[in-house]
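Examining the three-dimensional arrangement
Residues per chain, in single letters:
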Amino acid sequence: MSKIPVPALAAALVLVVALGAASSAQAQGSNAAQDKKPLVAKVLQLQQPGIENAARLVAEQPALMLLQQAGLVLQRVPAERREATAREIQAEAKKYADEAVPLLRQTAVKVAPTTIGPILEEKFTADELKQLIAILESPVNRKFQQLGGDMQRALNEKLVAETRATIEPKINALQQAVGEKLKAAAAAAPASAPSR
């Protein structure tokens, strides 16, 4: 058996120790990430109503925009058909929302662990995640969240009341300007050739 020179043996030992330390650190890092997974799952569970609400807003946004556009066009519909047409359009928007909202809610809850989860794992330590869970589960936070709708309604009512005199003329001017532009565009459009 040949003797290994002492410097080579020392270098080999340093390498073994370094590799051992690196694999130990990697294992600890992996364990830390594994320790975070149930904490992240708990945060996502506690935030599920917010995730579902965000999905609802995403689902409703196109319908709200279409209803606003339809409102402008409805002003050109004969008065005797306007209300019935508006109800029909609202029924279509409700049908869309009844189908789209549950689908987007379900998908948002499904993809949250693969989208929000990695961000929480990367940006928060396990201790911070535990603190966040404690905050989210606190009775004071729950009470505050339950009052969110009441606070939003109170703010909206006061905001509308305080700004109605200033904003309504601007909305009316906008509607009038858009209506005039639509009328001008319709008048300028070449008449379609009669089909033979």
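The structure we're discussing is the one just above.
The paragraphs below set out a description of the structure included in this document. (Residues numbered from 1 in each chain as written. Predicted model: local features only at pLDDT ≥ 70, side-chain atom pairs only at ≥ 80, totals over all residues. Heavy atoms only, no water.)

Overview of the overall build of the protein
Quick reminder of the rule: Secondary structure elements follow DSSP: runs of H or I of four or more residues count as helices, runs of E of two or more count as strands, with numbering from the N terminus. Each residue is placed in one exposure class: buried if its accessible area under a 1.4 Å probe, protein chains only, is under 20% of its type's maximum, exposed if it is over 50%, and partly exposed if it falls in between.
The secondary structure content of the protein amounts to 6 helices and 0 strands. When the helices and strands of the protein are listed from N to C terminus, the series reads α-α-α-α-α-α. Within the protein, the proportion of its 196 residues that are buried is 14%.

Looking at the pattern of salt bridges
Side chains carrying opposite charge are able to pair once their charged atoms draw close together. The criterion, for reference: By salt bridge we mean one thing: a side-chain nitrogen of Lys or Arg within 4 Å of a carboxyl oxygen of Asp or Glu.
For the structure on display, the rule yields 10 salt bridges. As a salt-bridge pair, Glu121 and Lys37 come within 3.2 Å of each other at their nearest N and O atoms. Remark: Lys37 occurs in helix H1 (residues 6-46) and Glu121 occurs in helix H3 (residues 79-123); sequence separation between them is 84 residues. The partly exposed category is assigned to Lys37, whose relative accessible area is 38%. The partner of Glu88 in a salt bridge is Arg81, with the nearest N and O atoms 3.8 Å apart.

Section: helix H4 (residues 126-137)
An α-helical turn contains 3.6 residues, so any two residues separated by three or four positions project in the same direction. Quick note on the threshold: Each helix should span, by expectation, one fewer than its residue count multiplied by 1.5 Å. Here the arc refers to the set of directions running from the helix axis out to each C-beta atom.
Its 12 residues give H4 an end-to-end C-alpha distance of 16 Å, which sits within 8% of 16 Å, the value for a rise of 1.5 Å per residue. Of all the residues in H4, the buried ones are Leu129, Ile133 and Leu136. Considered in projection along H4, the buried side chains sweep an arc of 65° and stay on one side of the axis. In H4, those exposed residues whose orientation departs by more than 90 degrees from the buried face are Asp127, Gln131 and Ile135.

Digging into the side chain of Thr85
Our working definition: Here a residue-residue contact requires only that any non-hydrogen atoms of the pair lie within 4.5 Å.
The residue Thr85 is located in helix H3 in this model. In contact with Thr85, other than residues within four places in its own chain, are Leu74 and Val77.

Observations concerning the nonpolar core
Counted only if it meets this: Nonpolar cores are built from buried Ala, Val, Leu, Ile, Met, Phe, Trp, Tyr and Cys residues. Side-chain atoms within 4.5 Å join them into one set.
Formed by Leu39, Val40, Val43, Leu44, Ile51, Ala55, Ala108, Ala112, Leu120, Leu129, Ile133 and Leu136, the largest nonpolar core amounts to 12 residues. Listing elements by their share of this core, those giving two or more residues are H1, helix H2 (48-74), H3 and H4. Among the elements that take part in this core, H1 stands out by supplying 4 residues, more than any other. Those residues in contact with Ala55, other than ones at most four positions away along the chain, are Leu104, Arg105 and Ala108.

A closer look at the environment of Gln75
Tracing the chain through its elements places Gln75 in the loop between H2 and H3. Classification of Gln75 by relative accessible area gives partly exposed; the value is 47%. Residues in contact with Gln75, not counting those within four places in the same chain, are Arg82 and Gln175.

Side note on the layout of surface pockets
We apply this condition: A 1.4 Å probe that fits but cannot get out identifies a cavity on a 1 Å grid over protein atoms alone, an open set with protein on both sides within 12 Å along at least five of seven lines counts as a pocket, and a residue lines either if it has an atom within 4 Å of a point. Grid points are joined across faces, edges and corners, and a volume is the space filled by probe spheres set on the points. Three residue categories are used. Nonpolar comprises Ala, Val, Leu, Ile, Met, Phe, Trp, Tyr, Cys and Pro, charged comprises Asp, Glu, Lys and Arg, and polar comprises the others, including Gly.
By volume, the largest pocket is sized at about 170 Å³. At the level of elements, H2 and helix H5 (139-146) are the ones that each hand at least two residues to the lining of the largest pocket. Partitioned by chemical class, the residues of the lining of the largest pocket number 3 nonpolar, 4 polar and 1 charged.

Regarding the packing of H4 against H5
Selection rule: Comment: axis = line fitted to C-alpha atoms, over the contacting stretch for helices; angle = value between 0 and 180 degrees taken between N-to-C directions. For this classification, under 35 degrees means roughly parallel, over 145 means roughly antiparallel, 65 to 115 means roughly perpendicular, and everything else is oblique.
At a minimum axis separation of 5 Å, H4 and H5 run at an interaxial angle of 55°. Viewed along their axes, H4 and H5 adopt a mutual orientation that is oblique. Contact residues: Ile135, Leu136 and Glu137 in H4; Pro139, Asn141 and Arg142 in H5. A per-class count over the contact of H4 with H5 returns 3 nonpolar, 1 polar and 2 charged.

Structural notes on the packing of H2 against H3
This is how it is decided: The sense of a crossing depends on the near helix, which, turned anticlockwise from the far helix by less than a right angle, makes the crossing left-handed and, turned clockwise, makes it right-handed.
Axis separation between H2 and H3 bottoms out at 7 Å; the angle between their running directions is 155°. It follows that H2 is roughly antiparallel to H3 by the angle criterion. For the crossing formed where H2 meets H3, the hand is right-handed. Of the residues that constitute the contact of H2 with H3, the class distribution is 20 nonpolar, 3 polar and 5 charged.

Focus on the environment of Leu129
Inspection of the secondary structure assignment puts Leu129 in helix H4. Spatially, the C-alpha atoms of Leu129 and Val40 are 7.1 Å apart, while their sequence positions differ by 89 residues.

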